[in-house]
Amino acid sequence: MPDNTMPADLTALTLEQLVQLIEYHNRRYWELGEPEISDIDYDRLLRRLAELAPQHPLVVQVHAPTVSGTGKVRHTAPMLSLDKAYSLDEVMEWAEKYIRSDREMFRIQPKYDGISANFAAGILATRGDGVEGENISDKLPLIELETVGYRGPVNRNVRGEIIIRDDVFRDKYVHIAKKDGKPYKNPRNAVAGIMGLKEIDELRYQIEHYHAWLTLVDYDMISYEVPYGEIRERWQGIVETIEKLPYPMDGIVVKLADQAYGLSLGYTAHHPRNQIAFKFTNIRKTSRLLQVDWSFGKNCLTPVAMIEPVDIGGITIRHASLHNLQNIIDKDIHIGDIIEVERAGDVIPYIVKAEPEDPEKRGSSPIITHCPCCESLLVQDGPELCCKNTDCFETRVQRLTAAVRNIGIERLGEPNIRRMMQTIGVKTLKDIFNLKATDILQLDGFKEKSASNLLKEIKAASQVNDFQLIAALNIQGIGPNIARQILSEYTIQELRGKTVEELSNLYGIGPERAKALVQELQSQGDFIDEMLNCVTLSQTKGAVTEKRPAICFTGKMPEKRGYYEELARRHGYEPADSVTSGLALLIAADLAENSSKLAKARKENIKIMALEEWLSSLNDKPSVSAPDNDLFASAQEKSKPGKETGNEFGMDQGSFDF
Ligand SMILES: [Zn+2]
């Protein structure tokens, strides 16, 4: 097992170790929904990576929440993430760079913690990946607008954040259940889950019945205007007032009040210069550990702490994450201990430390020795506690659920899989692919229509790209992108015969990932065989990819080259470094300039366009400008799981003053 602990000194890490660590935490967050580190630590990792390799894909990509929408909406200007500050000094340092006098006005606003969205011309769109957002107008019936002096249906153009008010969540969401019948964990989780739904009819009925609308909160609804010279003195008071507001927030946005001036400052590669996000530091509270429940996962048992209810950041916390067995051992956690619970943003609260109330009378250990399902002796595997009995019913349910989720059959959640295994003899993925309508109709809750919808989805899932299959193995550090890269070299069958050495030599793989891949190809061999047995696979290797027109840039441009290249990619071009006869388009910062690229393009009769002209040609297409921020948004292509996990990085509220 690679070491995934967070080192105090990040400079001691090699680039490869750093990348591996970030990918590990991405996976904890994105695929498992079980983050292990705070977002401050996560930011530290990313900042360090940006120092070492500013162009690394992990630096320029960031996750955005997956939203089920009805089409893409292109933003007129790219939406970037905000630069972050963790102390007032850092805020002041930033402000100092841009003030023209002590009287320069700043606007201080809450940094809402939901999904940023823009409503214009009747269309509601998310930030999406920063360049293109998702049209989520179909969710409008679930959302009300809150702006100065108004709370009601969304009826005017606005930029804001889709959230669920803390009071609404606390009072109403006890009635609103997820597809699997369980309640949402927190407002952020609920927003992410709801915005990811494909069908909202049933939920719409519940939300209207209980008056449990989501809120699109106007970014400018709450705003304090403060001159530079008074920020220090008024800071504490404003922060305290903002913290008490009934909205999920993870910080404060500070921006230049003079919009025209602010915009004139432009952007760095990642951030607009005119604003900064001050992140709330993590909040810790003391409580007591009442009990530990072990819940089943795909491979192992996960400990969940039941604690004496404690209010953290306006939310009553009753459960906290204990991560895994090793964590309980390392922190020497016992039932009845006085514990410190930390909540950072809407990351699942976790226990930071535990101490006996009375050292003489230590409570019992929460560690169990036998499987609660099959009573087999449990085994420690790395940091985890696992049931190794292949016939263990719960483990089988979890494995099949994970497999079904990995191949993207969304309608089929754990409760139904469990019922199928119990009542109609489903055992394997293959059995799922062989289901008939008559089988499904035997299950409670299914009618003709829902059964036929499920069958359609199962059928659609039977067409799989080979890289999706490898990504579905959930191997640390091997998501769909890396998998695609590997599979452009080897087919799955070829891959299964490769050694760690051979795979390490592939670009960007390295020995750690190669080792994990070889191990998992072996240990999940049955799953792979089963998949190959029941799906139609599209092979990446040798597949003819559609040729995109090549585009090249020349001259000094306002933004870094990488920015324009990314923009070009998103508009269907393939950026090239040099002018060759195959080039479709050369973009020049200055047409009058005498660069060799320009000269060559003229000689080769290649189409040349001025940067501004090209940018406005992109903008001519129908588009909506939405307030989104994380440039880091293109997100590793997420395979389909995890629609209901909120995410820490894609939801930042950001720069809206375009
Ligand atoms: Zn078991």
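Treat the numbers as computed from the prediction; the structure is a model and nothing was measured. (Residues numbered from 1 in each chain as written. Predicted model: local features only at pLDDT ≥ 70, side-chain atom pairs only at ≥ 80, totals over all residues. Heavy atoms only, no water.)

Some points on the overall build of the protein
Thought 1: Across its full length, the protein holds 24 helices and 26 strands.
Thought 2: Buried residues in the protein amount to 53% of all 658 residues.
Thought 3: Taking the intrachain contacts of the protein between residues at least 6 apart in sequence as the baseline, contacts between residues at least 24 apart amount to 70%.
Thought 4: Just so you have it, the protein exposes about 29,800 Å², and 49% of that area is on carbon and sulfur atoms. (Helix = DSSP H or I, 4+ residues; strand = E, 2+ residues; numbered from the N terminus. Buried < 20%, exposed > 50% of the residue type's maximum accessible area, 1.4 Å probe, protein only. Contact = heavy atoms within 4.5 Å. Areas by Shrake-Rupley, 256 points an atom, 1.4 Å probe, with all protein chains shown as cover.)

Topic: a negative patch on the surface
Thought 1: A cluster of acidic side chains, namely Asp83, Glu90, Glu93 and Glu96, defines a negative patch on the protein surface.
Thought 2: The leading source of residues in the negative patch is helix H4 (residues 88-98), at 3 residues.
Thought 3: One can find Glu90 in helix H4. (Patch = residues over 30% accessible without salt bridge, like charges linked within 9 Å, V, L, I, M, F, W, Y side chains within 5 Å. Salt bridge = Lys/Arg side-chain N within 4 Å of Asp/Glu carboxyl O. Lys, Arg positive; Asp, Glu negative; His and termini not counted. Charge placed at Lys NZ, Arg CZ, Asp CG, Glu CD.)

Brief notes about helix H20 (residues 510-523)
Thought 1: Relative to the 20 Å expected for 14 residues at 1.5 Å per residue, H20 spans 20 Å between its end C-alpha atoms, a close match to the ideal helical length.
Thought 2: Looking at H20, one finds that the buried residues are Gly510, Arg513, Ala514, Ala516, Leu517 and Leu521. The arc that holds every buried residue of H20, seen down its axis, measures 165°, which confines them to one face. What points out from H20, more than 90 degrees from its buried face, is the exposed set Gln522 and Ser523. (Expected span 1.5 Å × (residues − 1). Arc of directions from axis to C-beta.)

Some thoughts on helix H21 (residues 525-534)
Thought 1: Of all the positions in H21, only Gly525, Phe527, Ile528, Met531 and Cys534 are classed as buried.
Thought 2: Contacts made by the buried residues of H21 are with helix H11 (393-406), helix H13 (429-433), helix H16 (466-471), helix H18 (492-495), H20 and strand E22 (536-538).

Thoughts on the coordination of the zinc ion
Thought 1: Coordination of the zinc ion by the protein involves Cys371 (SG), Cys374 (SG), Cys387 (SG) and Cys392 (SG), with metal-donor separations of 2.3 Å.
Thought 2: Geometry at the zinc ion is tetrahedral, judged from its 4 donor atoms and the angles of 101 to 115° they form at the metal.
Thought 3: Read in sequence order, the donor residues coordinating the zinc ion give the pattern C-x2-C-x12-C-x4-C. One end of the pair, Cys374, is in the loop between strand E18 (350-355) and strand E19 (379-381); the other, Cys392, is in the loop between strand E20 (384-386) and H11, with 18 residues separating them in the sequence.
Thought 4: Overall, the relative accessible area of 25% leaves Cys374 in the partly exposed class. (Donors = N, O, S within 2.8 Å, 3.2 Å for Na, K, Ca; no water. Tetrahedral: all angles 85-135°; square planar, octahedral: opposite > 155°, others 65-115°.)

Focus on the sheet that holds strand E13 (residues 275-279)
Thought 1: Strand order in the open sheet formed by 5 strands is E2-E13-E12-E3-E11, and the pairing between neighbours is mixed. Two strands bound the open sheet, and with one partner strand each, they are strand E2 (83-85) and strand E11 (224-227). Direction aside, the axes of adjacent strands within the sheet are offset by 30° on average.
Thought 2: Pairing of strand E3 (residues 105-112) with strand E12 (residues 249-256) involves 7 bridges; the strand directions are antiparallel. Residue Gln109 lies in a different strand from E12, and its bridge partner there is Val253.
Thought 3: In this fold H4 packs onto E2, E3, E12 and E13, with an angle of close to 20° to the strand it touches most, E12. (Pairing = 2+ DSSP bridges. Axes fitted to C-alpha atoms, helices over the stretch in contact; angles between N-to-C directions.)

Here's the deal with the environment of Gly562
Thought 1: Positionally, Gly562 belongs in helix H22 (residues 561-570).
Thought 2: Note on Gly562: relative accessible area 31%, which makes it partly exposed.
Thought 3: Counting along the chain gives 13 residues from Gly562 to Pro575, while the straight-line C-alpha distance between them is 9.5 Å.

Here we look at the pattern of salt bridges
Thought 1: Within the structure shown, the criterion is met by 24 salt bridges.
Thought 2: Close ionic contact of Glu208 with Arg204 constitutes a salt bridge, the shortest N to O distance being 3.1 Å. In this pair, Glu208 and Arg204 are both assigned in helix H7 (residues 201-210), 4 residues apart and thus about one turn of the helix distant.
Thought 3: The exposure class assigned to Arg204 is partly exposed, which follows from its relative accessible area of 36%.
Thought 4: Bridged by salt links that share partners, the residues Glu144, Glu146, Arg151, Arg165 and Asp167 form one connected network.

A few points about the packing of aromatic side chains
Two numbers describe a pair of aromatic rings. These are the distance of the centres and the angle of the planes.
Thought 1: Scanning the entire structure with this criterion turns up 9 aromatic pairs.
Thought 2: Measuring from centroid to centroid gives 6.1 Å for Phe553 and Tyr564, while their planes differ by 40°, and the two rings are tilted. Taken together, the positions of Phe553 in strand E23 (residues 550-554) and Tyr564 in helix H22 put the pair 11 residues apart, joining distant regions of the chain.
Thought 3: Here Tyr564 falls in the buried class, since its relative accessible area comes to 2%.
Thought 4: Considering the side-chain rings of Tyr573 and Trp614, the 6.2 Å spacing of their centres and the 65° angle between planes classify their relative orientation as edge-to-face. Taken as a pair, Tyr573 in the loop between H22 and strand E24 (574-575) and Trp614 in helix H24 (residues 611-619) lie far apart in primary sequence, 41 residues in all. This pair shows no difference in class: Tyr573 is buried, exactly as Trp614 is.
Thought 5: The ring of Phe467 has Arg484 lying over it, and the distance from NZ or CZ to the ring centre is 4.5 Å. (Phe/Tyr/Trp six-rings, centres within 6.5 Å; stacked < 30°, edge-to-face > 60°. Lys NZ or Arg CZ within 6 Å of the ring centre and 35° of its normal.)

Section: the nonpolar core
Thought 1: Judged by nonpolar contacts, the single largest core of 49 residues is most densely connected at Ile409, Met420, Leu429, Ile432, Ile470, Leu495 and Leu517.
Thought 2: Summarising the domain contributions, this core has at least three residues from each of domain 3 (408-462) and domain 4 (464-534).
Thought 3: Beyond its immediate chain neighbours, meaning those up to four positions away, Leu517 contacts Ile470, Ile475, Ile478, Ile486, Leu495 and Leu503.
Thought 4: Residues Val217, Ile238, Val239 and Ile252 belong to the second largest nonpolar core, which totals 33 residues. (Core = buried A, V, L, I, M, F, W, Y, C linked by side-chain atoms within 4.5 Å. Domains from an automatic or database assignment.)

Notes on the side chain of Asn118
Thought 1: With respect to the helices, strands and loops of the structure, Asn118 is situated in strand E4 (residues 115-120).
Thought 2: Judged by relative accessible area, Asn118 falls into the buried class, the value being 3%.
Thought 3: Within the structure, the side chain of Asn118 is placed 3.2 Å from the side chain of Arg159, a separation counted as a polar contact. (Polar contact = N/O pair within 3.5 Å; in protein donor to acceptor, adjacent residues only side chain to side chain.)

Here's the deal with the side chain of Thr147
Thought 1: Position of Thr147 relative to the elements: it lies in strand E7 (residues 143-147).
Thought 2: At a separation of 2.7 Å, a polar atom in the side chain of Thr147 contacts the side chain of Asp218.

Concerning the sheet that holds E23
Thought 1: The sheet built from 4 strands is open, its strands ordered E24-E23-E25-E26 with parallel pairing. The two strands at the open ends of the sheet, each matched to only one other strand, are E24 and strand E26 (607-610).
Thought 2: Lying over the sheet, H22 contacts E23 and E24, oriented at roughly 155° with respect to E23.

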